[in-house]
Every structure is written in C-alpha cells, then in structure tokens.
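Results of the structural survey
For reference, the chains in residue letters:
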Amino acid sequence: MGLRIGDIAPDFDIETTKGKINFHEWAKGNWVFFFSHPADYTPVCTTEMGRTSQLASEFAKRNVLPLGLSTDTVDEHLGWINDVNDTQNTDLQFPIVADKGKKVAELYDMIHSGESDTAAVRSVFIIDPNHKIRLTMTYPMAVGRNFDEILRVIDALQFSDKHNVACPADWRPGEKVIIKPTVSNEEAEKLFPQGWDELRPYLRFTEIK
Ligand code: BEZ
C-alpha cells in the first residue's frame, strides 16, 4: 500500500544535485514540496522544473523547500538543469534526487507499472515540519502539474493549521473559512468572537483578518 496523508514521510539517504542528503535532516523545521518526474531531458518535466525554480521566492515565503526526483544520475540531472535554465529562463537552485537505483521511488510508491516499469509518475507529497505527509497528488506522465494549486493548497494547509479552521472549495487567502464541525457553537464564540454566518448548523463561515 502506498503512503497516505498523516503518515510520517519515510526517511532516506541519497545523492542529489546539491550533494548527499539525509531527508529528515535536510527538511528539518521546513515544509517540503517533494515531487517526482519521469525522466531528465523530457519536455513536460523541463517546464515543471522551470516553473518550480521560477517560483523559488513563493516557496521560500511559505517556508517550503522544493525537492525533485527522477530515476537518473546526478550527472544527467546537472546536464539537464542547464537546458532547464536556458529554455525556461531561470536559475534552478533546489536539489534533485538522483534515484538511479529507484530506492526512493519505490519507498514512496512513485513507480506505477501501468505507466512505466522504470520511470516515476508525477507524484507530489506536501510534507509538514513534523515530517508528516499532508497532501498527496499523482499526475500522469503526459500532463504537467498545476503550480497555482500547489501554492494554494500549501496556503490552505498553513492557514487551517494556524487558525483551526477548514477551507472551502477553491479557497484563496483572504476569503472566508469554515468553522470545523467538531467545534461547538460555545467553543466557536471564544475562538471566533468576530462571529460567523450559519447557512446550516454544519456550515458556518467566518472571516479571519
Ligand atoms: C515528459 O516529461 O515530457 C514526458 C515524460 C514521459 C511521457 C510523456 C512526457
């Protein structure tokens, strides 16, 4: 069975384009956007790597470290990063795991034999500072990921953690949030003195400035 939300992200030691890392040590105290891609020198991956690099300041603002992975070598990654930088007009600085032996890809269930026996699919793991997996997404090989959604869900996770609320469909920062059904009205009065709109007893929206 694959990894699930709430599981501790398995630890590993591996070579990356920024040297050898122990994952938990490297991630310590940060959120992590850990994402796999099928192979170096492929077109969709080139755009995804470029986009991640272009968004470096957005990830940093949210205390998120990006970490890529494919089942290629450090030398292959380094050569390809030159192409990513040239074609996507960026300067890629985050590490990419060189998982030629498929050790980490197998640990994280990133190889789906219906797509490929050797290459990873487009898995996403959003991992919190306690190394807990908070979100998983899996995209097929032929479709690039939506980075607006990746940043949005990080914002939503961080906001809901901070304020003990839930975020409705398509929520964006600044919009109303939902008081969790596990919070009684008596508790809500203390937590949300600004009040709330009660559309149904289980559907209460509040505004947090
Ligand atoms: C790509 O990353 O561009 C890609 C990889 C495998 C199949 C199709 C596209």
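Residues numbered from 1 in each chain as written. Predicted model: local features only at pLDDT ≥ 70, side-chain atom pairs only at ≥ 80, totals over all residues. Heavy atoms only, no water.

1. Examining the overall build of the protein chain
Note the threshold: Runs of E in the DSSP output that reach at least two residues are strands. Runs of H or I that reach at least four are helices, and both are numbered from the N terminus. For the exposure calls, accessible area comes from a 1.4 Å probe over protein chains only, and a residue counts as buried if that area is under 20% of its type's maximum, exposed if over 50%, partly exposed in between. Contacts are assigned to residue pairs that have any heavy atoms within 4.5 Å of one another. All tallies of charge rest on Lys and Arg as positive and Asp and Glu as negative; His and the ends of each chain are not included. In plain terms, the charge of a residue is placed at NZ if it is Lys, CZ if Arg, CG if Asp and CD if Glu.
Along its length, the protein chain carries 7 helices and 10 strands. Counting across all 209 residues of the protein chain, residues that qualify as buried make up 46%. Intrachain contacts of the protein chain at a sequence separation of at least 6 include 64% that bridge at least 24 residues. Across the protein chain, the mean location of the 23 positive side-chain charges is 5 Å away from that of the 32 negative side-chain charges.

2. Remarks on the packing of aromatic side chains
This is how it is decided: Between the rings of Phe, Tyr and Trp (Trp by its six-membered ring), a pair exists once the centres lie within 6.5 Å; its type follows the angle of the planes, with under 30 degrees stacked, over 60 edge-to-face, and the other angles tilted.
Tallied over the entire structure, the rule returns 13 aromatic pairs. With a centroid separation of 6.5 Å and 35° between ring planes, the pair formed by phenylalanine 34 and phenylalanine 125 is classed as tilted. On the criterion of sequence distance, the pair formed by phenylalanine 34 in strand 3 (residues 31-36) and phenylalanine 125 in strand 6 (residues 122-127) is long-range, its members being 91 residues apart. What makes phenylalanine 125 buried here is its relative accessible area of 5%. On the numbers, 5.1 Å between centres and 80° between planes, the contact of tyrosine 108 with phenylalanine 125 is edge-to-face. In this pair, tyrosine 108 sits in the loop between helix 5 (103-107) and strand 6 while phenylalanine 125 sits in strand 6, placing the two residues 17 residues apart along the sequence. By the ring-pair criterion, three or more aromatic residues cluster together here, those being Phe12, Phe23, Trp26, Phe34, Tyr108 and Phe125.

3. Observations regarding unusual backbone geometry
Backbone geometry at aspartate 109 places phi at a positive 55°, although glycine is not the residue there. Relative to the helices and strands, aspartate 109 is located in the loop between helix 5 and strand 6. Here asparagine 164, not a glycine, exhibits a phi torsion of approximately 55°, which is positive. Turning to its location among the elements, asparagine 164 is positioned in the loop between helix 6 (147-163) and strand 8 (177-178). You can call asparagine 164 partly exposed: its relative accessible area is 32%.

4. Some remarks on the sheet that holds strand 8
Quick reminder of the rule: Pairs of strands are assigned from DSSP output, requiring at least two bridges between the strands.
Overall, antiparallel pairing links the 3 strands, which are arranged 8-10-9 in an open sheet. The sheet terminates laterally at strand 8 and strand 9 (197-200), the two strands that pair on one side only. Note that strand 8 and strand 10 (residues 203-206) share 2 bridges and pair antiparallel. The residue of strand 10 that forms the bridge with valine 177 is threonine 206.

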